[in-house]
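Chains, contacts and geometry: an overview
Listed below are the residues making up each chain.
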Amino acid sequence: MWYQLGRWILKNRLWMLLLVLASTGVMTFFASKVQLSYEFAKAIPVNHPKYKEYVAFKQQFGEDGNLLVMGFENKSIFEASFFNDFVQLQKNIRQVPGVEDVLSISSMVELVKDSASEKLKAVPVFADMILSQSAIDSAIVKMEQLPFFKNLLYNPQTNVYTIGVRINKEVLNSKKRNAVVAGINQLAEAFEAKHKIDIHLSGLPLVRTVMSTRIADEMKLFLLGSVLLSAVILLLFFRSFSAMWLSMAVVVMGVIWSLATMVLFGYKITLLNALIPPLIVVIGIPNCIYFLNKFHTEYKATGDKQRSLINMVGRMGVVTLFCNIAAAIGFAVFALTDSAVLKEFGIVAGINIMVLFVISFLFIPVVLSYLPAPKPRHVRYLENERLNKTLLRIENWVFDHPKYIYSATIIVIVFSVLGIMRLKSVGYIVDDLPKKDVLYTDLKFFEKHFGGVMPLEIVVDTKRKQGVTRQLQNLVRIDSLVQYLQQRPEMGKPLAVTEGLKFAKQAYYDGDTLNYALPNEFDLAFLAPYLQTKGDTSAKATNLGKLVSSFMDSSKQRARISVSMADVGSDSLPKILKAIQTRTDELFDTARYNVQLTGTSVTFLEGSRFIINGLKESIIWAFVLIALCMLYLFRSFRILVCSLIPNIVPLALTAGIMGWAGVPLKPSTVLVFSVALGIAIDVTIRFLINYKQELPANSNQVVPTVQQTIRHTGISIIYTSLVLVAGFVIFCFSDFGGTQALGWLTSLTLLVAMVTNLILLPVLLLTTSGYKRQKKQENG
């Protein structure tokens with residue numbers, strides 16, 4: 001069948017060429033419309049309980065991750081020249097389009113009791129004007145008497161001060177946020193330069209903006225790098241510009257189709273699927289090497305170009321098809337998970353690996369038929385003395401030292417198992433950033449001085465209207481939980497309606513700091529008229545009015561406790577959340593109250609768990625589906641076992657090295673295993689199909705067939721593996737730790753897989769065939 005296909009393709013070569021070029025032209029149009037994603041990737045499905053809780057929270061109370069924070073340390077902040085510039089900085093930030101609000105010590109207010117109107121009026125601590133030194137000094141006295149703002153807008157122990165910038169939700173989830181963050185950053189840099197201080201920026205808006213920008217830049221860089229590196233390697237291997245350009249044309253078309261597929265499916269570029277275009281280049285090159293190597297081998301043997309092309313398609317068509325099916329399975333299994341981000345990656349990668357096969361199968365033989373016949377220098381690599389000597393040594397090891405090979409394999413497995421036992425699963429929100437990156441160091445600055453910037457939200461549902469304020473005991477319970485959170489070292493200062501009530505009580509008692517405490521029933525009776533905000537637009541304009549509306553729903557049935565925390569990682573976060581949940585269960589009877597822990601920190605944890613579990617399942621699916629393909633292809637359980645063992649060993653070794661090296665299991669590292677399995681199994685298929693094809697020619701004798709297979713496939717396997725390793729090594733230059741891990745871990749796996757498939761696989765074939773060799777005999 002494959003030989004007939006070869007003849008048919010060459011007979012209709014012009015139409016095949018036009019078909020490939022025309023369809024790629026159409027896909028180029030769609031590829032030009034690909035967009036970068038500016039939203040948080042949906043790691044958990046929309047029907048997951050935690051995701052539903054988070055959506056309900058945002059609908060009730062608004063966004064929890066739209067605050068960008070700026071901070072600096074300065075003992076001289078209250079010097080008139082510096083402070084007035086500081087105030088002007090905030091005014092300038094407020095003018096940036098997309099900024100909704102700016103909070104800092106200069107916008108602090110004190111609540112003043114107006115007995116005549118029975119209202120609490122918000123009076124600025126620092127007047128909105130250029131202040132003299134004496135005016136600033138007077139305001140400092142007032143500021144220090146307002147506990148509400150301590151450790152929220154400033155840390156008095158370390159002289160660190162913050163500016164909170166709230167960004168519009170729609171802007172935050174669009175391309176416009178880049179301009180907003182850039183504008184804020186530009187103002188901060190100008191202020192830094194003028195006053196010779198370091199301003200630190202953090203918060204989810206900044207993290208998301210910086211990471212999405214870097215994703216776009218890295219995708220272009222790695223795509224260009226993988227193309228150039230592949231071109232150089234192909235030129236060195238084949239010593240032919242035509243072979244190089246032919247291969248480049250194949251992978252470039254594959255990249256175009258992959259980008260177009262994203263657009264057609266309505267997907268956007270994320271941190272994960274940004275890897276697909278360079279991966280297409282890396283995976284597409286072996287297709288070209290397989291076809292070109294076989295064409296050159298056949299041409300060298302026959303000297304007939306037409307016959308060589310037909311034999312190339314006939315012999316390599318099935319090999320390349322199943323190699324691509326195996327690789328596609330390694331990626332496509334991600335589509336079986338419920339995680340949207342993994343599903344997108346799996347669908348796009350799986351489809352386009354098969355598209356690569358079709359392009360290679362049609363385009364390469366057609367173009368080669370138009371090109372001149374290979375010259376002697378183009379096939380000289382087939383007689384590479386160094387590689388041939390290496391293959392001869394491999395042959396000697398396989399036939400003379402199988403016991404040593406099995407012993408080495410057992411040692412590797414034991415080493416791997418011991419390493420696997422040391423593996424830990426942990427991930428961080430900014431996990432993929434290097435420890436010296438300014439985004440990471442600035443995050444740690446806020447964790448040190450304010451507990452962190454990652455949002456954690458707690459919603460207390462009293463299950464009755466007015467339940468939050470009608471019963472004082474509910475307020476006491478909420479305050480007890482707030483105090484518990486404040487005592488935890490990984491937490492910042494919590495905000496809740498109780499903090500607003502303390503602020504109001506202090507104002508009612510003429511600003512006495514000793515009265516910054518939760519009102520009792522007696523206090524609440526006198527405070528009640530002052531806390532009425534319904535229908536009072538002036539009250540809503542005050543910070544107290546905003547606080548009340550932000551931390552209770554309109555029916556006063558639900559109360560919100562908001563706290564920023566450190567990026568403690570997926571290992572510590574469950575323990576912290578469990579401790580908080582235990583404390584809430586102690587304070588709130590689960591039969592009468594419903595307490596939910598939500599926010600970005602919780603959804604990150606659930607998303608991380610979901611992705612890791614999904615990836616683990618995908619590895620199992622990949623093994624099962626690839627095993628079924630191998631069973632269908634070779635119709636032999638013996639061959640199936642022989643094919644899987646050389647690929648399990650590299651994966652186990654990689655996992656073991658991760659354990660010994662302290663590399664944790666996280667979404668970016670678990671991804672390696674199913675990807676590497678899908679690619680590494682290509683080498684096995686290449687070897688075994690050649691073995692199957694050679695077996696009848698050697699009267700079904702295993703020994704000469706194994707020898708011939710090592711000699712015939714060894715060079716292309718080594719070349720292909722080196723190209724793949726070189727392609728993945730490019731990812732090691734990423735700014736993201738996960739991408740780096742994908743690079744070096746996959747390269748390691750593929751390198752070991754090359755060795756096991758050239759040495760261990762032949763030994764397994766000989767052993768399972770009942771072959772017992774006492775002394776190697778020469779077979780020519």
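Our structure is the block above this text.
Described below are features of the structure shown in this document. Just so you know, the residues in each chain are numbered from 1, in the order the chain's sequence is written. Only residues with pLDDT of at least 70 are given local features in this predicted model, and only at 80 or more are side-chain atom pairs given and counted; all residues enter the totals for whole chains, interfaces and linings. As a convention, hydrogens and water are excluded, and side-chain values are obtained from all of the structure's heavy atoms.

Describing helix H22 (residues 573-587)
Because each turn of an α-helix spans 3.6 residues, side chains separated by three or four positions end up pointing in the same direction. Convention followed: Only DSSP runs of H or I reaching four residues or more are called helices, and only runs of E reaching two or more are called strands; each is numbered from the N terminus. Here a helix's expected span is defined as the number of its residues, less one, multiplied by 1.5 Å. Any two residues having at least one pair of non-hydrogen atoms within 4.5 Å are treated as being in contact.
Between its first and last C-alpha, H22 extends 21 Å over 15 residues, near the 21 Å set by a 1.5 Å rise per residue. Where the residues of H22 are buried, they touch strand E8 (454-461), helix H17 (472-487), strand E9 (558-565), strand E10 (594-598) and helix H23 (600-634).

Quick notes on the packing of aromatic side chains
For any pair of aromatic rings, the description rests on two quantities: the centre-to-centre distance and the angle between the ring planes. Applied cut-off: Note on aromatic contacts: the rings of Phe and Tyr and the six-membered ring of Trp form a pair at centre separations within 6.5 Å, being stacked when their planes are under 30 degrees apart, edge-to-face when over 60 apart, and tilted otherwise. Exposure categories follow from relative accessible area, calculated using a 1.4 Å probe and restricted to protein chains: below 20% of the type maximum is buried, above 50% is exposed, and the middle band is partly exposed.
The full count for this structure, using the stated rule, is 29 aromatic pairs. When the centroid spacing of 5.8 Å and the interplanar angle of 90° are considered together, the rings of Phe78 and Tyr161 count as edge-to-face. In this pair, Phe78 is assigned in the loop between strand E1 (67-73) and helix H4 (80-94) and Tyr161 in strand E6 (residues 160-167), connecting sequence segments 83 residues apart. Since its relative accessible area comes to 5%, Tyr161 is described here as buried.

Focus: the packing of H22 against H23
Stated formally: Every angle, taken between N-to-C directions, lies between 0 and 180 degrees, and every axis is a line fitted to C-alpha atoms, over only the stretch in contact when it is a helix. Note that the term roughly parallel is reserved for angles under 35 degrees, roughly antiparallel for angles over 145, roughly perpendicular for angles of 65 to 115, and oblique for everything else. We call a crossing left-handed when the near helix sits turned anticlockwise from the far one by less than a right angle, and right-handed when that turn is clockwise. Asp, Glu, Lys and Arg are counted as charged, while Ala, Val, Leu, Ile, Met, Phe, Trp, Tyr, Cys and Pro are counted as nonpolar; the rest, among them Gly, fall into the polar class.
Running from N to C, H22 and H23 point in directions that differ by 130°, and their axes come no closer than 11 Å. It follows that H22 is oblique to H23 by the angle criterion. Considering only the axes of H22 and H23, their crossing is left-handed. Note on element contacts: H23 touches H22 through Ser601, Val602, Leu605 and Arg609, opposite Leu573, Pro574 and Leu577. Here the residues of the contact of H22 with H23 sort into 5 nonpolar, 1 polar and 1 charged.

As for the pattern of salt bridges
When charged atoms on two side chains of opposite charge get close, those side chains can pair. Rules: Basic side-chain nitrogens of Lys or Arg form a salt bridge, by our definition, when they fall within 4 Å of a carboxyl oxygen of Asp or Glu.
A complete count under the given rule lists 15 salt bridges for this structure. When the shortest N-O distance is used, the salt bridge between Glu53 and Lys50 registers 3.8 Å. Of this pair, Glu53 and Lys50 both sit in helix H3 (residues 49-61), 3 residues apart, which is roughly one turn of the helix. A salt bridge links Arg315 to Glu694; the nearest nitrogen and oxygen atoms lie 3.8 Å apart. A residue pair is termed long-range when its members are at least 10 positions apart, and Arg315 in helix H11 (residues 305-332) and Glu694 in helix H25 (residues 667-694) qualify at 379 residues.

As for the sheet that holds E9
Applied cut-off: Two strands are said to pair when DSSP picks up at least two bridges between them.
Read from one edge to the other, the open sheet built from 3 strands follows the order E9-E8-E10, with strand pairing classed as antiparallel. In the strand order of this sheet, the two ends are held by E9 and E10, each with one partner. Ignoring which end each strand starts from, the neighbouring axes of this sheet average 15° apart. Pairing between E8 and E9: 8 bridges, direction antiparallel. Pairing of Asp461 across the sheet is with Arg558, part of E9. Relative to E9, H17 is tilted by about 5°, and along the sheet it contacts E8 and E9.

Some thoughts on a nonpolar patch on the surface
Definition in use: The patch calculation keeps residues exceeding 30% relative accessible area without a salt bridge and links them within 9 Å when they carry like charges or within 5 Å when they are nonpolar (Val, Leu, Ile, Met, Phe, Trp, Tyr). Each accessible area is a Shrake-Rupley estimate made with a 1.4 Å probe; only the visible protein chains count as cover when residues are assessed.
A contiguous nonpolar surface patch, about 830 Å² in accessible area, is contributed by Leu336, Ile620, Trp621, Val624, Leu628, Leu631, Phe637, Val641 and Ile645. If you list the elements that add at least two residues to the nonpolar patch, you get H23 and helix H24 (637-661). Sort the elements by how many residues they give to the nonpolar patch and H23 lands first, with 5 residues.

Focus: the nonpolar core
Rules: By nonpolar core is meant a set of buried Ala, Val, Leu, Ile, Met, Phe, Trp, Tyr and Cys residues that side-chain atoms within 4.5 Å join together.
Grouped together as the largest cluster of nonpolar side chains are 265 residues, with contacts concentrated most on Met70, Phe78, Phe83 and Ile105. The element best represented in this core is helix H12 (residues 340-370), accounting for 17 residues. Excluding anything up to four places from it in sequence, Phe78 contacts Phe83, Ile105, Phe126, Gln133, Ile136, Ile140, Met143 and Tyr161.

As for the environment of Ile612
By secondary structure assignment, the location of Ile612 is in helix H23. Using a relative accessible area of 5% as the deciding quantity, one classes Ile612 as buried. In this structure the C-alpha to C-alpha distance between Ile612 and Ser425, which are 187 residues apart in sequence, comes to 8.7 Å.

Some thoughts on a positive patch on the surface
What counts is decided by this rule: This count recognises Lys and Arg as positive and Asp and Glu as negative, with His and chain-terminal groups excluded. Where a charge lies is defined by one atom per residue type: Lys uses NZ, Arg uses CZ, Asp uses CG and Glu uses CD.
Taken together, Arg239, Lys375, Arg377 and Arg380 make up a surface patch of like positive charges. Within the secondary structure, Arg380 is located in the loop between H12 and helix H13 (385-400).

What about unusual backbone geometry?
In this model, Asn151 sits at a positive phi of 65°, which is unusual for a non-glycine residue. Among the secondary structure elements, Asn151 is positioned in the loop between helix H5 (133-143) and strand E5 (154-155). Positive phi values are uncommon outside glycine, yet Gln466 reaches one of about 65°. Residue placement: Gln466 occurs in the loop between E8 and helix H16 (467-470).

Considerations on the environment of Val141
Relative to the assigned elements, Val141 resides in helix H5. Overall, Val141 belongs to the partly exposed group, its relative accessible area being 47%. For the pair Val141 and Val125, spaced 16 residues apart in the sequence, the C-alpha separation amounts to 9.5 Å.

Description of the side chain of His296
Tracing the sequence through the fold places His296 in helix H10 (residues 276-302). Classification of His296 by relative accessible area gives buried; the value is 4%. Ignoring anything within four residues of it in the chain, the contact list for His296 reads Phe238, Pro374, His378, Val379, Tyr381 and Leu382.

Observations regarding the environment of Ile289
Here Ile289 shows up in helix H10. Taking the relative accessible area as the measure of exposure, Ile289 reaches 0% and is therefore buried. Once the C-alpha coordinates of Ile289 and Ser247 are considered, the two residues, 42 residues apart in sequence, prove to be 8.2 Å apart. Once residues lying within four places of it in the same chain are set aside, the contact partners of Ile289 are Leu234, Phe238, Ser716, Tyr719, Thr720 and Val723.

Quick word on helix H2 (residues 13-31)
Where we set the bar: Taking the helix axis as origin, the arc is that swept by the directions to the C-beta atoms.
The terminal C-alpha atoms of H2, which comprises 19 residues, lie 26 Å apart, in line with the 27 Å expected from a rise of 1.5 Å per residue. Of the residues making up H2, those classed as buried are Met16, Leu17, Val20, Thr24, Met27 and Ala31. Down the axis of H2, the buried set is contained in an arc of 105°. They therefore lie on one face. Those residues of H2 that are buried are in contact with helix H1 (2-11), helix H9 (241-264) and H12.

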